[in-house]
Amino acid sequence: MRVALIQMPVTADREGNLRTAAEKLRQAAAGGADIAVLPEMFCCPYENRCFRPYGEEAGGPAQAMLSQTAAETGMYVVGGSIPELEDGRVYNTCFVYGPDGAQLARHRKAHLFDIDVPGGQRFKESDTFSPGDSITTFETKFGTMGLCICFDLRFEELARCMCLRGARVIFVPAAFNMTTSPAHWELLFRQRAVDNQCFTVGVAPARDEAGAYVSYGNSIAVDPWGTVLCRAGAEEATLYADLDLDRVEDVRTQLPILSARRTDLYEVGER
């Protein structure tokens, strides 16, 4: 299964971002991709003041582009994330479309990114976004896939639940910042892959040093043994990762972590 990791630039021009994303999806299909992944907030700047104005309701222009391009190219498209509007609320949402253009999944970011590091990054998604409340997996001809967004990856329970549902790959549109990423970005993707004996794929926007929020970039794919298959730098790029899904079962057979879980011991209670 070939996955395209599309690390694209994001500007204040929403229509321009959508055109860029569509063109890069077509290029990914020409490169043999079965699944293409866009970054978190690929259609708007990553700023609280932008999320509601750039937001769209069901069937909006970003969703329409993703669906149409998936059908045009015959790929699965993991549509990064967009600001989704519903009932007066704003969600950080990833839509997934199948090769026929049908929507396969919708994941609303469940863990909102509220950070305040002295001398470093301060950002509160909860000033604008409402949290989602679902664990998200979806079915493909390659099997079950998992999906979360950025800060969600820090929560092992979420990743474990996806893999217990059968996920063999966890896709993570993300926009990690310059404060935490040098320490944690690669570590987290390798950690989740090893903990759950699955592939992990993270896709971020290209870095814009002049932006109000600076993305780390470094889109990455990791195999179930914790080996980094590919990793971008800061610049605009499309990477291709060929995932041998048989590797999941091989590793799980060699190291029976999931099957050897002692769930009878794991409840938190009085000693």
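Source: prediction; values computed, not measured.

1. Description of the layout of surface pockets
So, step 1. The space that makes up the largest pocket amounts to roughly 280 Å³.
So, step 2. In terms of lining, the largest pocket is formed by 19 residues, of which the most central are V10, P45, Y46, D208 and Y213.
So, step 3. By residue class, the composition of the lining of the largest pocket is twelve nonpolar, three polar and four charged.

2. Examining the pairing of strand β10 (residues 143-147)
On a regular strand, each side chain points to the face opposite its neighbour's, so the side chains alternate between the two faces of the sheet.
So, step 1. Where burial is concerned, most of β10 is hidden: five out of the five residues are buried.
So, step 2. In this sheet, β10 lies alongside strand β9 (residues 136-140) in antiparallel orientation, the contact comprising five bridges. From the neighbouring strand, E139 faces β10, where its bridge partner is T144.
So, step 3. The turn linking β9 back onto β10 is made up of two residues.
So, step 4. As paired elements, β10 and strand β11 (residues 169-173) share three bridges and run parallel to each other. Residue pairing across strands places M145 opposite V169, the latter belonging to β11.
So, step 5. Regarding topology, helix α4 (residues 156-164) serves as the crossover connection from β10 to the parallel β11, and that connection is right-handed.

3. Details of the sheet that holds strand β14 (residues 228-231)
So, step 1. Taking strand neighbours across the sheet as the criterion, the six strands line up as β9-β10-β11-β12-β13-β14 in an open arrangement whose pairing is mixed. The open sheet is flanked by β9 and β14, the only strands paired with a single partner. Shown here is a sheet whose adjacent strand axes are inclined to one another by a mean of 15°, direction ignored.
So, step 2. Packed on one face of the sheet, α4 meets β9, β10 and β11 and runs near 140° to β11.

4. Structural notes on the confidence of the model for the chain
In low-pLDDT segments, the atomic positions of the prediction should not be examined closely.
So, step 1. Chain-level statistics for the chain give a pLDDT mean of 95 and a share of 97% at 70 or above.
So, step 2. Put simply, strand β8 (residues 122-124) is where the chain has its lowest mean pLDDT, 76, and strand β3 (residues 76-78) is where it has its highest, 99.

5. A closer look at a nonpolar patch on the surface
So, step 1. A surface patch of nonpolar side chains, about 270 Å² in accessible area, is lined by W225, L255 and I257.
So, step 2. Looking at the secondary structure, you find I257 in the segment after α6 (246-254).
So, step 3. Taking relative accessible area as the criterion, I257 reaches 36% and is therefore assigned partly exposed.

6. So, empty space enclosed by the protein
So, step 1. Following the criterion strictly, the structure yields one cavity of 30 Å³ or more and no others.
So, step 2. Counted as a void, the largest cavity has a volume near 40 Å³.
So, step 3. Taken together, F113, C150, F151, R154, F176, N177 and T180 make up the full set of residues lining the largest cavity.
So, step 4. Within the lining of the largest cavity, the residues separate by chemical class into four nonpolar, two polar and one charged.

7. Considering α6
So, step 1. All buried positions along α6 are accounted for by V248, V251 and R252. One face of α6 carries all of its buried residues, which in axial projection span an arc of 100°.

8. Considerations on the environment of A21
So, step 1. Here A21 is to be found in helix α1 (residues 14-30).
So, step 2. Classification of A21 by relative accessible area gives buried; the value is 0%.
So, step 3. The spatial distance from the C-alpha of A21 to the C-alpha of F171 is 17 Å, given a sequence separation of 150 residues.
So, step 4. If we ignore the near neighbours within four places in the chain, the residues touching A21 are M8, L38, F42 and M65.

Reading the values: rules and limits
Residues numbered from 1 in each chain as written. Predicted model: local features only at pLDDT ≥ 70, side-chain atom pairs only at ≥ 80, totals over all residues. Heavy atoms only, no water. 1 Å grid on protein atoms, 1.4 Å probe; cavity = no way out; pocket = protein on both sides within 12 Å on 5 of 7 lines; lining within 4 Å. Points joined across faces, edges and corners; volume = space filled by probe spheres on them. Nonpolar A, V, L, I, M, F, W, Y, C, P; charged D, E, K, R; others polar. Buried < 20%, exposed > 50% of the residue type's maximum accessible area, 1.4 Å probe, protein only. Helix = DSSP H or I, 4+ residues; strand = E, 2+ residues; numbered from the N terminus. Pairing = 2+ DSSP bridges. Right-handed = clockwise from strand over helix to strand, strands pointing away. Axes fitted to C-alpha atoms, helices over the stretch in contact; angles between N-to-C directions. Contact = heavy atoms within 4.5 Å. pLDDT = per-residue confidence, 0-100. Patch = residues over 30% accessible without salt bridge, like charges linked within 9 Å, V, L, I, M, F, W, Y side chains within 5 Å. Areas by Shrake-Rupley, 256 points an atom, 1.4 Å probe, with all protein chains shown as cover. Salt bridge = Lys/Arg side-chain N within 4 Å of Asp/Glu carboxyl O. Arc of directions from axis to C-beta.

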